[in-house]
Amino acid sequence: MIYREAGDFKTSYAADNQTFPIRGDRIAYYMVLAFAFLVMPFVINDYWANAIVLPFLIYAIAALGLNILIGYCGQLSLGSGAFMAVGAYATFKLTTAFPGLSIVFVVLLAGLVTAGVGVLFGLPSLRIKGFYLAVATLAAQFFLIWLFTQQPWFYNNSPTGMISMPTREFLGMPVTGPRASAVNMYLLCLVFVVALAWLARNLTRGTLGRRWMAIRDMDIAAEIIGVNPMMAKLSAFAVSSFFIGVAGALFFAVYLGAAEASEAFGIEKSFIILFMVIIGGLGSILGSFIGAFFLIVGPVLLKLLLVDQLGWSTDLAAHLEIMIIGALILLFLITEPHGITALWRTIKEKLRLWPFPH
Amino acid sequence: MPDTLLFAMEAAVNGLAAGVMYALVALGFVLIFKASGIFNFSQGVMALFAALTLVGLQTGQIPFSHLINAIFGTRLHHFGFTLPTVVAIIGTVAVMVAFAWLVERYIFRHLVNQEPIILFMATIGLAYFLEGLGDIMWGAEVKRMDVGIPQGMSETVDDLTFAWFGYGFFVDTLEIWAAVIAGLLVIGLVIFSQYTKQGRALRAVADDHQAALSVGISLRFIWVLVWSLAGIVALVAGIMWGAKSGVQFSLSLIALKALPVLILGGFTSIPGAIVGGLIIGVGEKLFDFFMQPIVGSATENWFAYMLALVFLLFRPQGLFGEKIIERV
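Only a predicted model underlies this, so the values are computations on that prediction, with no experimental measurement involved.

## Structural notes on the overall build of chain A
And step 1. Check the secondary structure of chain A and you find 15 helices and four strands.
And step 2. Whereas a compact globule of 358 residues would reach a radius of gyration of roughly 21 Å, chain A reaches 21 Å, a difference of no more than 12%.
And step 3. C-alpha atoms of chain A, sized along the principal axes, occupy 70 × 55 × 45 Å.
And step 4. Residues counted as buried form 54% of the 358 residues belonging to chain A.
And step 5. Entry remark: accessible area of chain A is about 15900 Å², with carbon and sulfur atoms responsible for 69%.
And step 6. Across chain A, the centroid of the 21 positively charged side chains sits 9 Å from that of the 17 negatively charged ones.

Written as structure tokens, this is what we have:
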């Protein structure tokens, strides 16, 4: 009754081409935005921010980035953890070298630095593909993490080998460091998430996105119809790394505050982001958010249940947790290999016809 | 001879030994990839799981004792008996075969015809599941693997090299044994795949799934077979690595060591896995030996990957891999 196209007439080209063609979708989108900007800042507290909301927002950016690379351009990458580390270390180096620079600007610059590194490690994709490429991106993972843990220049010779974020203000309010309040951190991340999701959505439905998808579907055929594979693949690596770099910068600067490369940005990070993309749905912006939500909230719920309710020891709960995550991934792949968004799509189809089956 | 050269030679010999260990893990990957096109990321965790099971059976641990204790408040830990090594190994092989059957029956049967990336993701999920299962079943503490393989410096090599060069090389006896066992394993696999009925069927499946199906080969049986073989290879790798550095979580990370070996040797070639392993083992040790003063330590974390990456640019299908021909 509520959710359907009938009666929603488009009278202009722009209206016909909008992101959410169905009114129900549009209303839901604006309501989510209004809730995120107008309600959440007043109800958020430190626990919720640190346990769920901040990691969700930050991982959503990273998942968006990886989704652009894997879901839209078809290039398998296992180096996202290291690219997050590049973003984090670029933020650290930039903000300690130029303390006066605005934090937003620093984060964006860190994203650009990561984009450059991403293009560099994306070069092999011009020669190789599939699993060979996945292993090649692992080279980035191990080499970059080694660089950040073994070369003192990157962590300013700090004796612990850790990098820690000094307090930085935006519009007169501290957003990083120990004095930052949950609301400030939340709003900073939220602005980045909304802006980048908007960017990703519009990139992927424009010329660039179509080139990526042509390469994904069949690279040789795409080349024959005039898509330059080098530009398409490298631009996908650049954009994807930019997103992941921004995510890494926020992860370090806002969420962690202090980090050590091999612990915070190890290969597990790469896998978790990959899981988010797969579980959420390849080639879907909404899917990146759903995947991130699922993998952030799931472990928290499990921990609440097992440790706080049943009183099990934390290491037993941790083992059970990875086992359940593994089993869930298998279950998802078997029942719905195209992710939760595919389920959502089916539900939408049903909703349009509801209450009549045909 | 100058000392540096001798030291470098010693590093190279040790690299060869390490390379054999890498090749052991890579073998399991190649087996499964050839027969089913699945890039099995869980090979490393399978090695860990096999090693945990072996130790658990040997020492008579009660499976899931931590979980049972947490639920029922009991204090179980051991049955109170120990099993001889041979019995424990047979038991572990049985467990790995059962695991292979379960994997085929409940996971990959439902994923036939999916894209390779989905299958790859499934094996990552499997790796997580198996890792958690191994820890819950047998406990996460570091265990000692003792199956009677001698360890420590090899006197023979020491004496021999001392007689030749006036400087005794340090080589671990365990690694010599590992090389011998790896050799036997490869010979066994080759004999199996060349001279038995099932081996021939296996090669047929590796060559062409559809053609194999059409002449009446059961794809499912072959998959169970090949996962069992990979499980046995994982057990051997688990024993060797477990004896070397203890049975613990880091054992599962050897899968990451085997990936560049695969790239170098080609995903579909058993000799490639061995040669690739040796090249990477030697290269890694020599690079560390010569470059450590310049770039710092722990280069073995990434050197193999960088070597593989550079190599890929010149030969994308690996040393012994099949030539990739693409058509639209």
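## Quick look at the pattern of salt bridges
Residue and element names in this part refer to chain B.
And step 1. Considering all chains together, one arrives at six salt bridges over all chains under this definition.
And step 2. Where E104 meets R109, a salt bridge forms, and the shortest distance between an N and an O atom there is 3.4 Å.
And step 3. On the accessibility criterion, R109 (26% relative accessible area) is partly exposed.
And step 4. Among the salt bridges present, the one from E104 reaches R220, with a minimum N-O distance of 4.0 Å. Linking E104 in helix α4 (residues 85-106) with R220 in helix α10 (residues 219-245), this pair joins segments that are 116 residues apart in sequence.
And step 5. Note on E104: relative accessible area 4%, which makes it buried.
And step 6. Residues participating in the shared-partner salt-bridge network are E104, R109 and R220.

## Quick look at the nonpolar core
And step 1. One finds L144, L250 and F265 of chain A together with F108, W227 and L259 of chain B to be the most contacted residues of the largest nonpolar core, which totals 231 residues.
And step 2. Residue contacts for L250 of chain A: discarding those within four places in its chain leaves I58, I61, V107, L188, C189, F192 and Y255 of chain A.

## What to know about the side chain of S241 of chain A
Residues and elements named next belong to chain A.
And step 1. Within the secondary structure, S241 is located in helix α10 (residues 229-256).
And step 2. In this structure the side chain of S241 is engaged in a polar contact, spanning 2.5 Å, whose partner is the backbone oxygen of F237.
And step 3. When near neighbours in sequence (up to four residues on either side) are disregarded, S241 contacts F83, G111, T114, A115 and G118.

## Quick notes on the packing of helix α2 (residues 43-59) of chain B against α10 of chain B
All names here are of chain B.
And step 1. Two elements in contact, α2 and α10, have axes whose closest approach is 7 Å; the angle formed by their N-to-C orientations is 65°. One element, α2, and the other, α10, form an angle in the roughly perpendicular class. Helix-helix and strand crossings are classified by hand; for α2 and α10 the assignment is right-handed. Facing Q43, M46, A47, A50, A51 and L54 of α2, the residues of α10 in contact are W227, A230, G231, A234, L235, G238 and I239.
And step 2. Along the lines of polarity and charge, the residues of the contact of α2 with α10 split into 10 nonpolar, three polar and no charged.

## What about the interface of chain A and chain B?
And step 1. Listed as interface residues are 45 residues of chain A and, on the opposing side, 55 residues of chain B.
And step 2. Summed over both partners, the interface of chain A with chain B comes to about 4500 Å²; 82% of that surface belongs to carbon and sulfur atoms.
And step 3. Considering only the side of chain A, the residues that lose the most area to chain B are F131, Y132 and W146 of chain A, jointly responsible for 17% of the buried surface there.
And step 4. Summed over the shared surface of chain A and chain B, the result is zero salt bridges.
And step 5. Summed over the shared surface of chain A and chain B, the number is one residue pair in polar contact (both at pLDDT 80 or more).
And step 6. Broken down by secondary-structure element, the contributors of at least two residues to the side of chain A that touches chain B are α6 (131-150), α9 (219-224), α12 (267-280) and α14 (314-335) of chain A.
And step 7. When residues in the side of chain A that touches chain B are grouped by element, the largest group, 12 residues, is from α14 of chain A.
And step 8. Grouping the constituent residues of the side of chain A that touches chain B by class yields 36 nonpolar, five polar and four charged.

## Some words on the confidence of the model for chain B
Residue and element names in this part refer to chain B.
And step 1. On average, chain B scores 83 in pLDDT, and the residues at 70 or more come to 97%.
And step 2. The weakest mean pLDDT in chain B belongs to helix α6 (residues 155-165) at 75; the strongest belongs to α4 at 91.
And step 3. What the predictor reports for the complex is a pTM of 0.88 with an ipTM of 0.82.

## Considerations on the packing of aromatic side chains
All names here are of chain A.
And step 1. Counted according to the given criterion, the structure contains 29 aromatic pairs over all chains.
And step 2. Here F20 and Y29 contribute two aromatic rings whose centre-to-centre distance is 4.8 Å and whose plane-to-plane angle is 35°, an arrangement assigned as tilted.
And step 3. Using a relative accessible area of 28% as the deciding quantity, one classes F20 as partly exposed.
And step 4. Note on Y29: relative accessible area 31%, which makes it partly exposed.

## What to know about the side chain of S288 of chain A
Residues and elements named next belong to chain A.
And step 1. You can see S288 is positioned in helix α13 (residues 285-309).
And step 2. Exposure remark for S288: the relative accessible area of 0% places this residue in the buried category.
And step 3. If we ignore the near neighbours within four places in the chain, the residues touching S288 are A60, A63, L64 and N67.

## Details of α6 of chain A
And step 1. Between its terminal C-alpha atoms α6 of chain A stretches 28 Å, which fits the 28 Å expected from 20 residues at 1.5 Å a residue.
And step 2. Most of α6 of chain A sits inside the fold, with 18 of its 20 residues counted as buried.

## A short note on a nonpolar patch on the surface
Residue and element names in this part refer to chain A.
And step 1. Taken together, the side chains of F35, F37, L38, V39, F42, V43 and V191 make up a nonpolar region of the molecular surface, amounting to roughly 700 Å² of accessible area.
And step 2. The greatest single-element share of the nonpolar patch, amounting to six residues, is contributed by helix α2 (residues 23-43).
And step 3. We classify F42 as exposed; its relative accessible area is 71%.

## A word on unusual backbone geometry
All names here are of chain A.
And step 1. The phi dihedral of N156 falls on the positive side, at around 50°, and the residue is not glycine.
And step 2. Relative to the elements of secondary structure, N156 occurs in the loop between α6 and β1 (163-164).
And step 3. Among the residues examined, N156 registers a relative accessible area of 34% and is labelled partly exposed.
And step 4. Positive phi, close to 55°, is recorded for N157, a residue that is not glycine.
And step 5. Looking at the element boundaries, N157 is found in the loop between α6 and β1.

## Quick word on the environment of V183 of chain A
And step 1. Counting through the fold element by element, V183 of chain A comes out in helix α7 (residues 182-204).
And step 2. Residues within four places of V183 of chain A in sequence aside, it is in contact with P41 and I44 of chain A.

About the criteria used
- Residues numbered from 1 in each chain as written.
- Chains lettered and ligands numbered in written order.
- Predicted model: local features only at pLDDT ≥ 70, side-chain atom pairs only at ≥ 80, totals over all residues.
- Heavy atoms only, no water.
- Helix = DSSP H or I, 4+ residues; strand = E, 2+ residues; numbered from the N terminus.
- Rg over C-alpha atoms; globule rule 2.2 N^0.38 Å.
- Buried < 20%, exposed > 50% of the residue type's maximum accessible area, 1.4 Å probe, protein only.
- Areas by Shrake-Rupley, 256 points an atom, 1.4 Å probe, with all protein chains shown as cover.
- Lys, Arg positive; Asp, Glu negative; His and termini not counted.
- Charge placed at Lys NZ, Arg CZ, Asp CG, Glu CD.
- Salt bridge = Lys/Arg side-chain N within 4 Å of Asp/Glu carboxyl O.
- Core = buried A, V, L, I, M, F, W, Y, C linked by side-chain atoms within 4.5 Å.
- Contact = heavy atoms within 4.5 Å.
- Polar contact = N/O pair within 3.5 Å; in protein donor to acceptor, adjacent residues only side chain to side chain.
- Axes fitted to C-alpha atoms, helices over the stretch in contact; angles between N-to-C directions.
- Parallel < 35°, antiparallel > 145°, perpendicular 65-115°, else oblique.
- Left-handed = near helix turned anticlockwise from the far one by under 90°.
- Nonpolar A, V, L, I, M, F, W, Y, C, P; charged D, E, K, R; others polar.
- Buried area = accessible area lost by both parts, 1.4 Å probe.
- pLDDT = per-residue confidence, 0-100.
- Phe/Tyr/Trp six-rings, centres within 6.5 Å; stacked < 30°, edge-to-face > 60°.
- Expected span 1.5 Å × (residues − 1).
- Patch = residues over 30% accessible without salt bridge, like charges linked within 9 Å, V, L, I, M, F, W, Y side chains within 5 Å.

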